[in-house]
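# What the coordinates show
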Amino acid sequence: MIHSLFLINNAGDIFLEKHWKSVISRSVCDYFFEAQDKAGEPDNVSPVIRTPHHYLINIYREKIFFVSVIQTEVPPLFVIEFLHRVAEMFQDYFGECSEVAIKDNVVIVYELLEEMLDNGFPLATESNILKELIKPPTILRSMVNTITGSSNVGETLPTGQLSTIPWRRAGVKYTNNEAYFDVVEEIDAILDKSGTTVFAEIQGVIDACVKLSGMPDLTLSFMNPRLLDDVSFHPCVRFKRWESERVLSFIPPDGNFRLMSYHVNAQNLVAIPVYVRQNINFFETGSSGRVDITVGPKQTMGKTVENVIVTIHMPKVVLSANLTATQGTYTYDPVTKILVWDIGKLNQQKLPNLKGSLSLQSGAPKPEENPSLNIDLKIQQLAISGLKVNRLDMYVEKYKPFKGVKYVTKAGKFQVLTVPSHV
Amino acid sequence: VFGMSANSLAYSEQSGAEAAVELGQETTPTSSAGGAAFGLFSTDFKKNEDLKEMLESTKESLKLEAMKRVVGLIARGKNASELFPAVVKNVASKNIELKKLVYVYLVRYAEEQQDLALLSISTFQRALKDPNQLIRASALRVLSSIRVPIIVPIMMLAIKEAATDLSPYVRKTAAHAIQKLYSLDPDQKEHLVEVIEKLLKDKSTLVAGSVVMAFEEVCPERIDLIHKNYRKLCNLLMDVEEWGQVVIINMLTRYARTQFVSPWRQDGVFEENSEKAFYDSDEEKKEGAAQTKPYVMDPDHRLLLRNTKPLLQSRNTAVVMSVAQLYWHLAPKHEVSVVTKSLVRLLRSHREVQYVVLQNIATMSIQRKGMFEPFMKSFYVRSTDATHIKTLKLEILTNLANEANISTILREFQTYVKSQDKAFAAATIQAIGRCATNISEITDACLNGLVLLLSNRDETVVAESVVVIKKLLQTQPSQHSDIIKHMAKLFDNITVRRRFIERSPSILWLIGEYCEHVPRIAPDVLRKMAKTFTSEEDIVKLQTVNLAAKLYLTNSKQTKLLTQYILNLGKYDQNYDIRDRTRFIRQLIVPNEKSGALSKYARRILLAPKPAPVLQSAFKDRDRFQLGTLSHTLNSKATGYLELSDWPDVAPDQSVRNVEVVEAVRINTRSDCYYKSESEEKSESSEDSVKSSSQSEKSSDSGTDKKKKKTLKNKKLQQGKKAGKDGYRPQSPALARCFTRLHIHVVHCFCLSRLFPVQVSSPVFVPVRPHELLHRMTGKGLAAQYHFPRQPCIYGDHMVSVQLTFNNHGDHALEDIHISEKTSTGQSIHCFRPIERLEPEASVTVSVGVDFNDSTQAASFQLCSKTERFSVSIQPAVGELLLPVTMTEQDFSREQGKLVGMNESSATITMAPETVSSQPVSKKVVSVANVGVVPSGQDNVHRFAAKLVSSGTLVLVCVVQKDSSAQLTVNTERTVVGSMLLRELQTALSSAP
């Protein structure tokens, strides 16, 4: 299956290599560099590259290319999914998945990779199991280790590895027992110039942070489970129970995990929390253009819209922008041609506005397409679909845990077109 | 070895300065004195020296520090091989972290330093006997990773031993080691297959994925090894770890295609492509005549589909994809669409996942538009998408286009054409062309749209438009003279023409080809071209000569002079291609004495009708590769790709999947230990699993303190420990109901016992026979039915499982449907969870358990809704109080011998003539009573065995056929049950089928 792994940074340095079978020379990466050159943007690199003797399957994450070398037929998603798990494991262990963090912890990284694959086949990918085998680095522990000579490596097989609930480690103990659930929803939408919704849907996830002693068995139910159209679960969720009763019943992993992700029924109308009035013009003569954008709250269910950011990818001919913002700040990067207007909180009384002129490259023809606007926003204490957690019950264990549910709505791929959609 | 190959030298120029530095380091010969690999940097040289000292010191911490730095070197791809002697000494270290790092080093360099590596082998052999399973496993992992041919026999021995280890984790490692040994020495295949066969029988979910992986790599052709494990694998699937699931599902897809008959023959009706269905219909009629037998899906085939479906909800995208491909390749056509939603869900995942999933959707959507049409908007392109994602989405949108949605799709395409990404805009124009050829209604509209694009400022867009217009016109030239006229008009402006023609000389070809449709314009175009001929590009000149020749043939009156002028210019052109062409054309078209016969055919040569180009998807026929595979993504066969075979015409013997040894008697005792994995069954009696698990917990606690114990003792301990963790059992009875996900092994037992005995004589399940519980008139809208699903009840050993189906026929929703209290007749009943709400026209099925105490007395109870109460009762037939038991013929005779006299009731019956052959007899018996078939040596003797659910008393049935009459005997201690059963069987057997 997975033969070797190379980690490559944006500058093209191979800063880590690991082989699970016999060694493959790093010159195989030259094929990757070739493809990268051809693609230009890192995002455009094809995830599967064929070379004369190997296949390279790669992902790009946190400015690092994870390039795996494959020799024989294997489902590409198998490898892609695994590489993403590796990246997530780094995130989990070191707080960030970056070149610096990986280089600083190269021994732990190596030990992790050794445990995660055997002969190229995944052996242990559950965070709870790995953490028993190899303890994550903390300042205190590394100090203690240097003094006492004890190690970060577990000596016995984690019990999870043998049980039917491999995701939970045994013997968990907390003095404060807490379980927090974040219901995070994202709106994906395309609005046309007049503000009409061309396309809108809501995706959501429930991220959990569970710190409970022993082997708690939790049940989480919703007020309105019918809203959920398509769901996928962490392996801990009992699927049959969901099918028959629409409740989530599970023995949770210890720590942070994603309990479920869902898609809200397409029939339900999606509330659009903001509206945008905008006018972007480029003039035929005089090499200039004009921008006038106003953002205001729409269907917010009485909550405040925060962290509003408008991003515009300007056409190549736009040299600079001279604008005034009534609220927040704007920046224009003449290299990437990206205009960012960071608004912050939306105020109902005084709507934020960005107005001014653009200067274009002289002599160049005016851009034929107006750029579209990408909106970012956040609304606390609201799940825009209306999904509500009804109750959370704990069985088996006796203590009273502290329970909390938080709702957040964010913009996902939220696009406003500056041309009418019906051309 | 590690130095870069000559090949990489060529590449190093591209990969920049960094690689050049590497090259400088690594091509230094490693054989020169210590530390030469870092010769470029004197500091590195010194560091390397002190590493050696540190490794040889007596302090553990120094050694560990040194090993960490060595691993750092390996990670960066630096050569650290000359430290081998110093490192290998530490292989027996007590410090586990140090030991592990040494392992990392060994695996990396053992191949290069084989002699030195042998020094470490004895350490591993010792570790293979260690009481700690983690140490045993990692010793095997390292031993099998050392690619030294000399130790093959040692590895073989170690694998064989580990395959029988008590710890499933060690057995998993053994499965991985099989593949390693196989790649090191393929001659060992025969022995390795034996180990695989043994491990395939393993019931641990931990081992399943790894051993199937080994099977796929070593002996994928030995499909016979799977037969006996097929049902077990299907049933374990849900509990196997995610990665194993992918491998098992892919293997089972291949397996199913060799063992079951095609489910597709029947549903030609569902074929969407109406044209195809039209052509097929004749054939199908013929087939239909030949095959009077309707298609019945093999229960094993259904089992696979049923057990994989829940995995569509997995968080692992590879699992979802593998289930999707399984449905695509195995499910009846009308069932495939269950995977759609899940595939669309994957599109919200990472970019790389999107790429692979979109490719698979592209292949699917060609054959079955309907699957993805409702989700069309999910394939709309966003400006932030990567180029390859955009192209794939475009492909899918084109595949989905039909008369109904084409206007929406074209509108979407129009915005794409304006995209700043010009390559993408060009691809969109191609896509418009494909839509236009596929849907004839819109061809005109598309052409007009494309013509408008000709005035676009971007040259790529214009060029692509001309190419697509050309292709479209070729399919139907006669109606489109306006378009050719329009294009010709573009020639008026000389700068536009220049730019235009340079990019796409095919427009000249187009005018030449269809000059008869534009008789006035074409000569004018030629005139304009003649004017500027000398200053045109070569390719344009060639096309002008072609145009002139064609016009000369069709309209020589107007163009004779022009043609001659152009041919003269061409004759003296600087380019020899043009000179040659001109000469050739002149000979061909201008008749003179020398040209002879050829010029007669000039018209046929130059103006031959040309076939229209076919515009089709790049994903057509891609499903010749199994979906989801690397080969499918690359569209060419990857190394090690295993072909998916075609369905067999006749299904191979189904009984090969039957498993002989089934301990049906154990079924009920097992059913209450939800969490126990199969492997523990032998060591554990489940009655007091709570007690025993708490005991073993204690023992394991005390055990961890004292590590060094004798092997034997320790093994026992581990077992206890295992049981302690796995035998964990929910204590609240409310919870016990809901651990359905972990019921797999119960279901497993059920399947074995049910499938096996019933199936030996008849492959069909007994049809569900519903009984009325509550009529909708009496129930004021609420109707209820019950039937006996004949499963071992999961709520208790002594209970019969009953399924209730509620229907709301009323016009308002019913709330809180539940069973109140206990039965009025004294049976204990395990109620279902209250149904919160039942909408009008909705129905819901729940299951309950009733302990009938082995009597046919009806169980009466009250069924309540929020507002109403109804008295109802469940009347069990005597045959439903049984559970099938498997036994051999000998056992049967022995047991029967014990149950004579009072315990035997018998009758002679006259059989209906149709019943004389053997199959109907068992079918009929099984339809009346839930009994298991005992394999019989004689054709005319049928034996059945079962036990009473509540008391466990054995019930034996024997039918001896003599021509049209039969002797029926029932033996059981419960005489009442015996005589009732006899009566029921009597009526069943003597009636006509």
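Nothing here was measured: the structure is a model prediction, and the numbers come from that model.

## Side note on the pattern of salt bridges
Residue and element names in this part refer to chain B.
- Under the counting rule described, the total for this entry stands at 56 salt bridges over all chains.
- Across the pair lysine 89 and glutamate 56 runs a salt bridge, and its minimum N-O distance is 3.5 Å. In this pair, lysine 89 is assigned in the loop between α5 (84-88) and α6 (96-109) and glutamate 56 in helix α3 (residues 42-56), connecting sequence segments 33 residues apart.
- Two residues, glutamate 352 and arginine 351, come together in a salt bridge whose shortest N-O distance is 3.1 Å.
- On the basis of relative accessible area, glutamate 352 is assigned to the buried category, the value being 1%.

## Quick word on the sheet that holds strand β2 (residues 14-19) of chain A
Residue and element names in this part refer to chain A.
- Strand order across the open sheet formed by five strands is β2-β1-β5-β4-β3, with antiparallel pairing between neighbours. Each having just a single partner strand, β2 and β3 (48-50) make up the two edges of the open sheet. Across the sheet, the mean angle separating the axes of adjacent strands is 20° when strand polarity is ignored.
- In the sheet, strand β4 (residues 55-61) pairs with strand β5 (residues 64-70) via seven bridges, with the strands oriented antiparallel. Bridging across to β5, isoleucine 59 finds its partner in phenylalanine 66.
- Packed onto the sheet, helix α4 (residues 106-116) meets β1 (2-9) and β2 and runs at close to 35° relative to β2.

## Looking at a nonpolar patch on the surface
- A grouping of B:Leu598, B:Tyr601 and B:Ile605 is seen on the molecular surface, where their side chains present a nonpolar patch of about 290 Å² in accessible area.
- Classification of B:Tyr601 by relative accessible area gives partly exposed; the value is 41%.

## Focus: the interface of chain B and chain A
- Counting residues at the interface gives 110 residues for chain B, matched by 112 residues for chain A.
- Buried surface at the junction of chain B and chain A, both sides included, amounts to about 10,600 Å², of which 57% is carbon and sulfur.
- The largest contributions to the chain B side of the interface with chain A come from B:Trp243, B:Arg315 and B:Arg382, which together make up 8% of the buried area.
- Taken together, chain B and chain A are joined by 11 salt bridges.
- A:Glu201 is the partner of B:Arg348 in a salt bridge, and the nearest nitrogen-oxygen pair spans 3.9 Å.
- In this structure, the connection of chain B to chain A is made through 35 residue pairs in polar contact (both at pLDDT 80 or more).
- Of the residues in the side of chain B that touches chain A, the class split is 36 nonpolar, 40 polar and 34 charged.

## What about the sheet that holds strand β17 (residues 318-325) of chain A?
All names here are of chain A.
- The sheet built from four strands is open, its strands ordered β14-β15-β20-β17 with antiparallel pairing. In this open sheet, the two edge strands, each paired with only one partner strand, are β14 (274-282) and β17. Strand-to-strand twist across the sheet, computed as the mean angle between neighbouring axes with direction ignored, equals 15°.

## Concerning the packing of α4(A) against α6(B)
- Close contact between α4(A) and α6(B) brings their axes to 11 Å; oriented N to C, the two are set at 70°. The orientation of α4(A) relative to α6(B) falls into the category roughly perpendicular. Residues A:Val107, A:Tyr110, A:Glu111, A:Glu114 and A:Glu115 of α4(A) lie in contact with α6(B), whose contacting residues are B:Glu97, B:Lys100, B:Leu101 and B:Val104.
- Broken down by class, the residue content of the contact of α4(A) with α6(B) amounts to four nonpolar, no polar and five charged.

## What to know about the confidence of the model for chain B
All names here are of chain B.
- Across chain B, the average pLDDT comes to 77, with 78% of residues at 70 or higher.
- Low pLDDT (under 50) marks residues 1-44, which in the prediction has 48 contacts with non-local residues, meaning those over four places away or in another chain.
- Segment residues 267-291: pLDDT under 50, and 13 contacts once partners within four positions in sequence are set aside and those in other chains are kept.
- Overall fold confidence for the complex sits at a pTM of 0.70, while the interface term, ipTM, reaches 0.90.

## Remarks on the nonpolar core
- Membership of the largest hydrophobic core comes to 326 residues, with the highest contact counts inside it found for A:Phe66, A:Phe90 and A:Phe181.
- Among the elements that make up this core, the one with the highest residue count is helix α2 (residues 76-94) of chain A (12 residues).
- Ignoring any residue separated from it by four or fewer positions in sequence, one finds A:Phe181 in contact with A:Ile206, A:Asp207, A:Ala208, A:Val210, A:Leu218, A:Leu220, A:Phe250, A:Leu259, A:Leu392, A:Gly404, A:Val405 and A:Lys406.
- Within the second largest apolar cluster, 57 residues are counted, among which are B:Leu782, B:Phe861, B:Leu948 and B:Leu982.

## As for the packing of aromatic side chains
- This model, assessed by the stated rule, comprises 24 aromatic pairs over all chains.
- Residues B:Tyr230 and B:Phe260 carry aromatic rings whose centres are separated by 6.0 Å and whose planes lie at 70° to one another, so their mutual orientation is edge-to-face. Here B:Tyr230 is found in helix α15 (residues 230-236), whereas its partner B:Phe260 is found in the loop between α16 (242-259) and α17 (274-290), with 30 residues between them in sequence. For the pair B:Tyr230 and B:Phe260, one class covers both residues: buried.
- Residues B:Phe372 and B:Phe379 carry aromatic rings whose centres are separated by 6.3 Å and whose planes lie at 75° to one another, so their mutual orientation is edge-to-face.
- Judged by relative accessible area, B:Phe372 falls into the buried class, the value being 0%.
- Taken together, A:Phe32, A:Phe33, A:Tyr60 and A:Phe65 form an aromatic cluster joined through their ring pairs.

Rules used in this analysis
Residues numbered from 1 in each chain as written. Chains lettered and ligands numbered in written order. Predicted model: local features only at pLDDT ≥ 70, side-chain atom pairs only at ≥ 80, totals over all residues. Heavy atoms only, no water. Salt bridge = Lys/Arg side-chain N within 4 Å of Asp/Glu carboxyl O. Helix = DSSP H or I, 4+ residues; strand = E, 2+ residues; numbered from the N terminus. Buried < 20%, exposed > 50% of the residue type's maximum accessible area, 1.4 Å probe, protein only. Pairing = 2+ DSSP bridges. Axes fitted to C-alpha atoms, helices over the stretch in contact; angles between N-to-C directions. Contact = heavy atoms within 4.5 Å. Patch = residues over 30% accessible without salt bridge, like charges linked within 9 Å, V, L, I, M, F, W, Y side chains within 5 Å. Areas by Shrake-Rupley, 256 points an atom, 1.4 Å probe, with all protein chains shown as cover. Buried area = accessible area lost by both parts, 1.4 Å probe. Polar contact = N/O pair within 3.5 Å; in protein donor to acceptor, adjacent residues only side chain to side chain. Nonpolar A, V, L, I, M, F, W, Y, C, P; charged D, E, K, R; others polar. Parallel < 35°, antiparallel > 145°, perpendicular 65-115°, else oblique. pLDDT = per-residue confidence, 0-100. Core = buried A, V, L, I, M, F, W, Y, C linked by side-chain atoms within 4.5 Å. Phe/Tyr/Trp six-rings, centres within 6.5 Å; stacked < 30°, edge-to-face > 60°.

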